Structure formats: structure tokens, C-alpha cells
Amino acid sequence: MLPYVLSLPALLVCIGILIPFVTAVIYSLQRYRLSQPWSRQFNWGENYYNFLFNDPGFWNTLKVSLLYAGITVTLELLLGLGIALLLQKRSRVNNFISIMLLLPLMIAPALAALMWKLMTNPGFGILSYLANQVGLQNFRWASSPDTALFTVVLVDIWVYTPFIMILLLAGLRSLPTQPFEAAALDGVPRTFVFFRITLPMLTPYILTATLFRLLDSIQQFDIIYAMTQGGPGNALTVFQVEAYLNFFQSTNVGRSAALMVILWAITYLLSNIFIKNWLRLRERARGEA
């Protein structure tokens, strides 16, 4: 009896996850508008068919979502790894700096986006003033389709780079010291040590950090909606923003639910790829050990 009682919380969590998911799948197979509840009926795969074959906007949403996720994760990974390497040595100064760098994570992403929106305001924003001082006259930041992606990526990097930094810093400080001591005794160049010793041993941590950030960034909503509401035009209509607009502005529940199911399928595919690679690395490490 005790095993069943102990597994009850996990079962309740599983049910709590499955109920909204199954509901979204059912809605995605319906022609359902909140403004026209009397016309609600099953159309089965019509929503998905329209996305794939009749809606160019869907492919723009897919492109923008993947582009946003790819740019933010790549830059945050490079910056986070660089900062973690600089703070690898244990000292009071490095510990204090690492704690201070975590402050952006304490701010809600939507509030951070609003703060950056004020700083990039063309009339009184401090960043707009600094851009004018270095010769970037009338830099439009998030109000222009040409620079909107750059602006929201900048905000995302500011907010989430500390997350990757702290994960990789923990990984660096947990690595065994024997290989590095042997390399120092033999006079091995630092670049060789980094690419042949540090990086391979750190790869599981890199994959873990990348997976978490990739799944989060491809579902980004707070920063983009708070700064641009998906605009200008359709420059930043990622999946979450497009689904939100379909539900609350167009009251198209079926289309919104179909978008979220497609997003779930993409995240499921990406997470499986990363987890398989992580398991392969773990098995290889066990074999070498």
C-alpha cells in the first residue's frame, strides 16, 4: 500500500499536466470561435492543413521562432561559457561577481522588457542617447522591423545569460583536477587543454544548459510581447505571441490550440534529440572510465 501512497503525488502531477494537454488537442481539431459558439464543430485536421498549405504567416512564425531561439541560445552559451571560465577560480571576488551577475534573473522577464523599452525610447531613453553619441542617429530599436529582433535578443541575453553562466560555472568547478594538474606539469598549451580536456568534460553541462534555454526561448512570450506585441508587423510573431493574439484578439480557440500543439511537437522533438545525445555521452564516459 505504501508504494501507491508515495506515488500518488506524481500521479496527480501527471494528471494535472495531461488534462490541459488533451483539452488543447481536442480544441485544435475543432472550428471553434468564442465569438461564434453556436458554430463549434469538429473539423479534424483542417487547422493543421491550413497552417501547412494555406497560411504563409505560419511559416513566418516558424522561421522567427527558430531564428530567435537559435540566436539567443548561441550567444548566451558563448557569453555564459566565457564568463564561467573567467570566474572558474574560487575566490571571494569571483564569488561576489557571480552573485551580482545573477541579479537579472531575479527580475521578471516582462518587467525587464519594460525597463529596456524605457531605456530604448527614442525621446528620453538612455540607450538611445548613447547611440546618438556614437553616431547612430535615430536608431529605432524595437520600433523598426530591421532592428526589432536585435533589440529583443539583447534583452533576452541580459536576462538569461546568468542562467547558463551559473550552470557552466558549477560544471567547471566540479571537474576533476588530476587531468589539469598533469597537463600543467607537462607544459601543455592552454588552448589544447581547453579544447581537448575542458570542453569534452564540460559537454554534458553544455547540453543541459542548451536544452533548458532552447526549450524556454522557443516558447518565449514575456519579453517579445512586452516590448513589441509581436511587431512591428509580423517581425516577431513567435508561436506564443501568435497563439495569444489568435485566442484573445481573434477569439479563434481552435487555431490557437493547433499552434500550441505544433509548438509542443517541436519542443518534444528537440528535447529528444538533446536527451539522446546526453545519454550517449554518459554511456561513452562510463565506457572510458
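Only a predicted model underlies this, so the values are computations on that prediction, with no experimental measurement involved.

**What to know about the pattern of salt bridges**
Opposite charge on two side chains permits pairing when their charged atoms draw close.
Then, in step 1: Scanning the entire structure with this criterion turns up six salt bridges.
Then, in step 2: Glu76 is the partner of Arg213 in a salt bridge, and the nearest nitrogen-oxygen pair spans 2.9 Å. Taken as a pair, Arg213 in helix α9 (residues 190-217) and Glu76 in helix α3 (residues 56-86) lie far apart in primary sequence, 137 residues in all. Residues Arg213 and Glu76 agree in their burial class; the two are buried.
Then, in step 3: Glu242 is the partner of Arg255 in a salt bridge, and the nearest nitrogen-oxygen pair spans 4.0 Å.

**As for the nonpolar core**
Then, in step 1: In this structure, Val152, Val155, Val159, Ile223, Ile224, Met227 and Leu236 are the most contacted members of the largest nonpolar core, which totals 21 residues.
Then, in step 2: Among the elements of the structure, α3, α5 (109-119), α7 (148-174), α10 (222-228) and α11 (239-248) are those that each provide at least two residues to this core.
Then, in step 3: For this core, the element with the most residues is α7, which contributes seven residues.
Then, in step 4: Residues Phe58, Ile218, Ala258 and Leu263 belong to the second largest nonpolar core, which totals 18 residues.

**What to know about a nonpolar patch on the surface**
Then, in step 1: A cluster of nonpolar side chains, namely Val93, Phe96, Ile97, Met100, Leu101, Leu103, Met106, Ile107, Leu111, Leu114 and Met115, defines an oily patch on the protein surface of about 990 Å² accessible area.
Then, in step 2: Listed by contribution, the elements that provide at least two residues to the nonpolar patch are α4 (92-101) and α5.
Then, in step 3: If one sorts the elements of the nonpolar patch by residue count, α4 sits on top with five residues.

**Examining the packing of α4 against α7**
Then, in step 1: Relative to each other, α4 and α7 sit at 150°, their axes nearing to 9 Å. Of the possible angle classes, the one that applies to α4 and α7 is roughly antiparallel. For the pair α4 and α7, contact is made by Asn94, Asn95, Ser98 and Leu101 and by Pro162, Met165, Leu169 and Arg173, respectively.
Then, in step 2: Residues that form the contact of α4 with α7 fall into these classes: four nonpolar, three polar and one charged.

**Concerning the environment of Met201**
Then, in step 1: Relative to the elements of secondary structure, Met201 occurs in helix α9.
Then, in step 2: For Met201, a relative accessible area of 26% puts it in the partly exposed group.
Then, in step 3: Sequence separation of Met201 and Gly171 is 30 residues, and the distance between their C-alpha atoms is 8.9 Å.
Then, in step 4: Those residues in contact with Met201 that lie beyond four places of it in its chain are Leu175 and Pro176.

Conventions we followed
- Residues numbered from 1 in each chain as written.
- Predicted model: local features only at pLDDT ≥ 70, side-chain atom pairs only at ≥ 80, totals over all residues.
- Heavy atoms only, no water.
- Salt bridge = Lys/Arg side-chain N within 4 Å of Asp/Glu carboxyl O.
- Helix = DSSP H or I, 4+ residues; strand = E, 2+ residues; numbered from the N terminus.
- Buried < 20%, exposed > 50% of the residue type's maximum accessible area, 1.4 Å probe, protein only.
- Core = buried A, V, L, I, M, F, W, Y, C linked by side-chain atoms within 4.5 Å.
- Patch = residues over 30% accessible without salt bridge, like charges linked within 9 Å, V, L, I, M, F, W, Y side chains within 5 Å.
- Areas by Shrake-Rupley, 256 points an atom, 1.4 Å probe, with all protein chains shown as cover.
- Axes fitted to C-alpha atoms, helices over the stretch in contact; angles between N-to-C directions.
- Parallel < 35°, antiparallel > 145°, perpendicular 65-115°, else oblique.
- Contact = heavy atoms within 4.5 Å.
- Nonpolar A, V, L, I, M, F, W, Y, C, P; charged D, E, K, R; others polar.

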